[in-house]
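Fold and contact review
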Protein chains: 2
Amino acid sequence: MKRVGIVAWGGTQFTMEDRKVADLMAESARDLLSGMPDMRGRVDAVIASTSDNEQYLAPIVSELAGMRPRIAHTVENMCSSGTSAIVSGYSYIASGLADMALVVGAERHNGPGRTLNWDISRGEFKKTIFWASILTKSYKRRFGISANDLAIVPVKNRAQAAKNPNALCGKACTENDVATSLRITDDLRLFDCSRLCSGAAAVLLASEDAVGEVCDSPAWITGVGQKTLSASFSKLRPLYGLESVRAASEEALQMSGRTAHEVDVAEVHDAFSVCEPMALESAGMARPGSGVNASREAYDTGSFRINPRGGLIGAGHPTGATGIAQAAEIAQQVTGQAGPRQVDGAHVGLVQNMSAAATSSSVLVVES
Amino acid sequence: MKRVGIVAWGGTQFTMEDRKVADLMAESARDLLSGMPDMRGRVDAVIASTSDNEQYLAPIVSELAGMRPRIAHTVENMCSSGTSAIVSGYSYIASGLADMALVVGAERHNGPGRTLNWDISRGEFKKTIFWASILTKSYKRRFGISANDLAIVPVKNRAQAAKNPNALCGKACTENDVATSLRITDDLRLFDCSRLCSGAAAVLLASEDAVGEVCDSPAWITGVGQKTLSASFSKLRPLYGLESVRAASEEALQMSGRTAHEVDVAEVHDAFSVCEPMALESAGMARPGSGVNASREAYDTGSFRINPRGGLIGAGHPTGATGIAQAAEIAQQVTGQAGPRQVDGAHVGLVQNMSAAATSSSVLVVES
């Protein structure tokens, strides 16, 4: 199996503007390819990631960005479409079918990815807010965590997003802002929620034989883990942990030969405040019930090690782009190119992305 | 790179009924898994293929059919979604990320795959009929082929579909039936057109280490070729040949170490009558302008070697399922399990699937 590295990245501003997914993807691909136009002829796979309904996006983006790849198709897997697409690109290269794969994801703010119509167990409007509320209540009860404890997640992530020029939300907030924001359910306030938005992100993957055409030191994908438990929320147990994240993290870390304690920097899927501690715990980066402490400690010490680009809460959540933006951030971190968000000495990074109440998850380990 | 074999297949009847894509996929997966329920726990990748807008289909189908895979996502690439999904499953296994991949595709008869809204060069209603008409006119002019010459394609394929229990169209027709069927454009009559319909198909792929758990003699995928030229019809040249088919066939045959003359049986993408000779010629199985002779010779000699299950014209065209149904047919052919459609002594098979006026194509070489 050939080694696969992330050699370049690109993206657009995340906004609430109404833009077409194909145009967002093309802008992101052109951003990635800017400065290396010759690479367009070297890209032999283009994988488009989205939950949008537009057809034939990979060939459309290829044409718009001046590529004629061999392999081209869309990958859809709701909120974790981005990492699913990266793993797809990874496998084309690792299998030898491709040397370079451009993985590009986008969503529009009012896209269809916000609801899962199939699962009637989510409540009347099939919105993510239903399961997020249930998970939050369950987690708080199990570990004696308060809404105030969880408020560190939006406080930290909004502060970190202020250093991310592509973030939807550039404004920091206080714990009081979180506690006094609009109450949506018993356990969720407005500032606890990430916002679906318009935006795109792209990464270029290359085989070990081809990385040198783009850069000297790529971010190697050393671990891949995925797990699909179900599509229905009603099948999930327990509700105070994320079983698919546990399984996917274990697989990814085992493949990379790393332990969770060796992870220097992580992008985890904070669709709602409670998801950050739950993900850290399920990935083995914090003990059960202590995830909020890890987030607080990072914040208090000024470390960007957890969700450096501001997470979904700070950066926004264009579903098809999120996993790719997370991977692009970790690639920048482990290669020392994250600028004002750089975690000192980061060499081992982790990306965790999930769909539909963590009925499925994807985890990548990325190293310099 | 690990060798990959097709070890099992399943499908549903192709119909004009209004059925949900998730239900069609689940029926097809259960059909494949019937008689080997233990394999459900061995499937570590589920790839769903469709142009339908329903979200999160791979986890939904996994849950409905009793699987908890690691990898799961949808692949969309219009009419060739099916082969794109098979190549994706192939790469998961060849790269070592999975041992067994279930690839399942479906469409509903009134699904969104019939139009490509992005490409304004296709005419007012963005229908495939526009490009099909232009290709037909161009092909006829270039090679001095008449509408009557092309009629052999629906005549042969409808006759062969009568031996395919899952086919939409079970009725043979005469050349006169074709010539007197409803005129749709200058160069196309109703019987020249495949019909979008509801239906599903599935194949189970396994690594060389795992094939023995299912069967003694799999159908090995020995060649994979894909090419994406553009998304716009207006970029295509020439219009009397299929450049993406030529490139993809060349790549697939080279990878397999075969020549086009060694192909014993082929499934080619006859979305319209003219596509069959054009595909045979572009794949190297017939000289330019002689594709209709190859189809006629096969028909006259009673050989099912070209589109044995009846092609898209005879079997129907549920877009997300078509490439998978084609691959399932060729797997049955090269392993001698095609029953009344069996081509004597077939050992080398070819699958050709394409999208959007052959702006992109996928070709597989499959051997026993």
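Quick summary incoming for the structure in this document. (Residues numbered from 1 in each chain as written. Chains lettered and ligands numbered in written order. Predicted model: local features only at pLDDT ≥ 70, side-chain atom pairs only at ≥ 80, totals over all residues. Heavy atoms only, no water.)

Across its full length, chain A holds 12 helices and 11 strands. Scored against the burial criterion, the 368 residues of chain A give a buried share of 67%. When the accessible surface of chain A is summed, it comes to about 12,000 Å², and 47% of that surface belongs to carbon and sulfur atoms. Side chains of chain A give 35 positive and 39 negative charges; the mean places of these two sets differ by 5 Å. (Helix = DSSP H or I, 4+ residues; strand = E, 2+ residues; numbered from the N terminus. Buried < 20%, exposed > 50% of the residue type's maximum accessible area, 1.4 Å probe, protein only. Areas by Shrake-Rupley, 256 points an atom, 1.4 Å probe, with all protein chains shown as cover. Lys, Arg positive; Asp, Glu negative; His and termini not counted. Charge placed at Lys NZ, Arg CZ, Asp CG, Glu CD.)

Considering all chains together, one arrives at 36 salt bridges over all chains under this definition. Between E243(A) and R246(A) there is a salt bridge, and its shortest N-O distance comes to 2.8 Å. One end of the pair, E243(A), and the other, R246(A), are both in helix α8 (residues 243-256), three residues apart, so they sit about a helical turn from each other. By relative accessible area, E243(A) is classed as partly exposed at 28%. The salt bridge partner of E250(B) is R246(B), with a shortest N-O separation of 3.0 Å. With E250(B) and R246(B) both in helix α8 (residues 243-256) and four residues apart, the pair spans about one turn of that helix. On the accessibility criterion, R246(B) (33% relative accessible area) is partly exposed. It is possible to trace a salt-bridge network through shared partners that takes in K137(A), K140(A), D186(A) and D187(A). (Salt bridge = Lys/Arg side-chain N within 4 Å of Asp/Glu carboxyl O.)

With an RMSD of 0.0 Å, chain A superimposes on chain B once it is rotated by 180 degrees and translated 0.0 Å along the axis. Taken together, the rotation and translation describe the operation of a two-fold axis. Every residue of chain A has its C-alpha some distance from the rotation axis, and the shortest such distance is that of S95(A), at 2.0 Å. Most of the interface of chain A is mirrored in chain B: 100% of its interface residues are interface residues there too. (Least-squares fit on C-alpha atoms with pLDDT ≥ 70 in both. Contact = heavy atoms within 4.5 Å.)

Let's shift gears to the nonpolar core. I6(A), I86(A), L205(A), I6(B), I86(B) and L205(B) are the most contacted members of the largest nonpolar core, which has 85 residues in total. Apart from residues no more than four positions distant in its own chain, I6(B) is found in contact with V203(B), L204(B), L205(B), P218(B), A219(B), I221(B), A327(B), A331(B) and V366(B). (Core = buried A, V, L, I, M, F, W, Y, C linked by side-chain atoms within 4.5 Å.)

Bringing helix α9 (residues 275-282) of chain B into the picture now. Residue and element names in this part refer to chain B. Summarising burial for α9: eight of the eight residues are buried, a large majority. Among the residues of α9, those classed as buried are C275, E276, P277, M278, A279, L280, E281 and S282. Buried positions along α9 lie against α4 (128-143), α5 (147-150), α6 (152-161), α8, α10 (291-300) and β10 (348-355). With its phi angle positive at about 90 degrees, G284 sits one or two positions after the end of α9.

Further remarks concern the interface of chain A and chain B. Across the boundary between the two partners, chain A contributes 51 residues, which contact 51 residues of chain B. Of the roughly 4,400 Å² buried at the junction of chain A and chain B (both faces included), carbon and sulfur atoms supply 54%. The salt bridge involving R70(A) is made with E251(B); its shortest N-O contact spans 2.4 Å. Remark: the boundary between chain A and chain B carries 29 residue pairs in polar contact (both at pLDDT 80 or more). Residue assignment for the side of chain A that touches chain B shows that the elements contributing at least two residues are α2 (57-65), β3 (71-76), α3 (81-94), β8 (219-228) and α8 of chain A. Considering every element that reaches the side of chain A that touches chain B, the biggest residue donor is α3(A), with seven residues. Where β3(A) and strand β3 (residues 71-76) of chain B come together, three bridges link them in antiparallel fashion. (Buried area = accessible area lost by both parts, 1.4 Å probe. Polar contact = N/O pair within 3.5 Å; in protein donor to acceptor, adjacent residues only side chain to side chain. Pairing = 2+ DSSP bridges.)

Our focus in this paragraph is a nonpolar patch on the surface. Residues and elements named next belong to chain A. Among the surface-exposed residues, L182, I184 and L190 lie close enough to one another that they form a single nonpolar patch of about 270 Å² accessible area. Position of L182 among the secondary structure elements: in the loop between α7 (175-180) and β5 (183-185). L182 gets classed as exposed once you look at its relative accessible area, which sits at 58%. (Patch = residues over 30% accessible without salt bridge, like charges linked within 9 Å, V, L, I, M, F, W, Y side chains within 5 Å.)

What follows is about the side chain of Q226(B). Position of Q226(B) relative to the elements: it lies in strand β8 (residues 219-228). When its relative accessible area of 5% is taken as the criterion, Q226(B) is described as buried. Only 2.8 Å separates the side chain of Q226(B) from the side chain of S362(B), close enough to count as a polar contact. In this structure, Q226(B) is in contact with R70(A), I71(A), T83(B), S84(B), V87(B), A248(B), E251(B), S361(B) and S362(B), ignoring residues within four places of it in sequence.

Residue and element names in this part refer to chain B. Look at α4 against α9: their axes get within 10 Å of each other, and the N-to-C directions meet at 65 degrees. Helix-helix and strand crossings are classified by hand; for α4 and α9 the assignment is left-handed. Residues W131, L135, Y139 and F143 of α4 lie in contact with α9, whose contacting residues are C275, P277, M278 and E281. Per-class residue counts for the contact of α4 with α9 are seven nonpolar, no polar and one charged. (Axes fitted to C-alpha atoms, helices over the stretch in contact; angles between N-to-C directions. Left-handed = near helix turned anticlockwise from the far one by under 90°. Nonpolar A, V, L, I, M, F, W, Y, C, P; charged D, E, K, R; others polar.)

All names here are of chain B. For T12, the location among the structural elements is in the loop between β1 (4-11) and α1 (21-33). A polar side-chain atom of T12 sits 3.0 Å from the main-chain amide nitrogen of A200. When neighbours within four sequence positions are excluded, T12 is seen to be in contact with L24, E27, S28, N166, G199 and A200.

So, on to the pairing of strand β2 (residues 45-49) of chain B. Residues and elements named next belong to chain B. The buried count for β2 comes to five of five residues, which makes it a mostly enclosed element. Burial along β2 is two-sided: the residues A45, I47 and S49 and V46 and A48 are all buried. Strand direction decides the pairing type here: β2 and β3, joined by five bridges, are parallel. Across the sheet, residue A45 finds its bridge partner in β3, namely I71. Crossover handedness for the path β2 to helix α2 (residues 57-64) to β3: right-handed. Inspection of the sheet shows β2 paired to strand β4 (residues 100-107) by five bridges, in the parallel sense. Among the inter-strand pairings, I47 is bridged to a residue of β4, identified as V103. (Right-handed = clockwise from strand over helix to strand, strands pointing away.)

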